[in-house]
Amino acid sequence: MTVGTFSFSAWTDDGQGRGAIRRSSEPRLPEGGLVRNGPRAAREPRKGGDAGNNGSGTAVITRTKTQAKKPAMYRVLILNDDYTPMEFVVTVLRKFFNKGPDEATRIMLHVHHHGVGECGVFTYEVAETKVTQVMDFARKHQHPLQCIMEKK
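None of the values given here were measured: they were computed from a predicted structure. (Residues numbered from 1 in each chain as written. Predicted model: local features only at pLDDT ≥ 70, side-chain atom pairs only at ≥ 80, totals over all residues. Heavy atoms only, no water.)

**Q** Looking at this structure, I do not really get the state of the cysteines. What am I missing?
**A** Put plainly, a disulfide is one covalent bond tying together the sulfur atoms of two cysteines. Throughout the structure, instances matching the rule amount to 0 disulfides. Left without a disulfide partner, Cys147 is nearest to the cysteine sulfur of Cys119, which lies 5.4 Å away. (Disulfide = S-S within 2.5 Å.)

**Q** Explain the packing of helix α1 (residues 86-97) against helix α2 (residues 101-114) to me, please; I cannot follow it from the model alone.
**A** Angle between the axes and distance between the axes: these two values describe a pair of packed helices. Running from amino to carboxyl end, α1 crosses α2 at an angle of 130 degrees, the nearest separation of the two axes being 9 Å. As judged from the angle between their axes, α1 and α2 are oblique. By crossing handedness, the relation of α1 to α2 is classed as right-handed. Contacts between α1 and α2 involve Met86, Val89, Val90, Leu93 and Arg94 on the former and, on the latter, Pro101, Ala104, Thr105, Ile107, Met108 and His112. Tallied by class, the residues present in the contact of α1 with α2 amount to 8 nonpolar, 2 polar and 1 charged. (Axes fitted to C-alpha atoms, helices over the stretch in contact; angles between N-to-C directions. Helix = DSSP H or I, 4+ residues; strand = E, 2+ residues; numbered from the N terminus. Parallel < 35°, antiparallel > 145°, perpendicular 65-115°, else oblique. Left-handed = near helix turned anticlockwise from the far one by under 90°. Contact = heavy atoms within 4.5 Å. Nonpolar A, V, L, I, M, F, W, Y, C, P; charged D, E, K, R; others polar.)

**Q** Where do I start with the pattern of salt bridges in this structure?
**A** A side chain with one charge can pair with a side chain of the opposite charge if their charged atoms come near. The final tally for this structure, using the stated rule, is 4 salt bridges. With its nearest N and O atoms 2.6 Å apart, the salt bridge here joins Glu118 to Arg75. With Glu118 in strand β5 (residues 116-123) and Arg75 in strand β4 (residues 73-79), the pair connects residues that are 43 residues apart, well separated along the chain. Judged by relative accessible area, which is 34%, Glu118 ranks as partly exposed. As a salt-bridge pair, Lys99 and Glu103 come within 3.6 Å of each other at their nearest N and O atoms. Three or more residues joined by partner-sharing salt bridges are found here, namely Arg75, Glu118 and Glu150. (Salt bridge = Lys/Arg side-chain N within 4 Å of Asp/Glu carboxyl O. Buried < 20%, exposed > 50% of the residue type's maximum accessible area, 1.4 Å probe, protein only.)

**Q** For this particular structure, what's the right way to read α1?
**A** Every α-helix winds through 3.6 residues per turn, so residues three or four apart in the chain are directed the same way. Across its 12 residues, α1 extends 16 Å between first and last C-alpha, which sits within 8% of the 16 Å expected from 1.5 Å per residue. Among the residues of α1, those classed as buried are Phe88, Val89, Val90, Val92, Leu93, Phe96 and Phe97. Contacts from the buried residues of α1 go to β4, α2, β5 and α3 (124-140). Two residues or fewer after α1 comes Asn98, characterised by a positive phi angle close to 55 degrees. (Expected span 1.5 Å × (residues − 1).)

**Q** Looking at this model, I keep getting lost on the sheet that holds β4. Mind explaining?
**A** Sheet strands pair by backbone hydrogen bonding; their relative direction is either parallel or antiparallel. One open sheet holds the 3 strands; their spatial order is β5-β4-β6, and the pairing between them is antiparallel. For this open sheet the edge positions go to β5 and β6 (146-151), each flanked by a neighbour on one side alone. The sheet shows a mean angle of 25 degrees between the axes of neighbouring strands, taken without regard to direction. Judged from the 7 bridges that link them, β4 and β5 form a sheet pairing that is antiparallel. Residue pairing for β5: Tyr74 is matched across the bridge by Phe122. Relative to β4, α1 is tilted by about 155 degrees, and along the sheet it contacts β4 and β5. Of the strands in this sheet, β4, β5 and β6 touch α3, which is tilted by about 170 degrees from β6. (Pairing = 2+ DSSP bridges.)

Here is the structure:
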């Protein structure tokens, strides 16, 4: 995802033939003057500079693109226990993780044989919500099923 931010620079004339580039994001000296360094310093007139300027100016618009970082991803895992029925685990996988019957059965068998199974990979907020939904659903149906999330 790309988010655009804009920084505007404009040539201004104070009516006495002196101009300056004004930028909202530039630091100002205590006297109110602009910091002059880098390639812009050559384009900026100095005080007492070109007195023959008729006030005709130009505007410079610079565009800065900011790239947003991808969010951290979290794995949602179901842990094995000796009391939760296999059919209930399949129901949870189908209801909360939109798994088909074959994939839900495969994940349930992986949990049964290896002790843990991955239900999906989500952003933090989505993973947290799914873990809460699964835990609430299991408690409502009086099963000790455990669902956790871990950073990928």
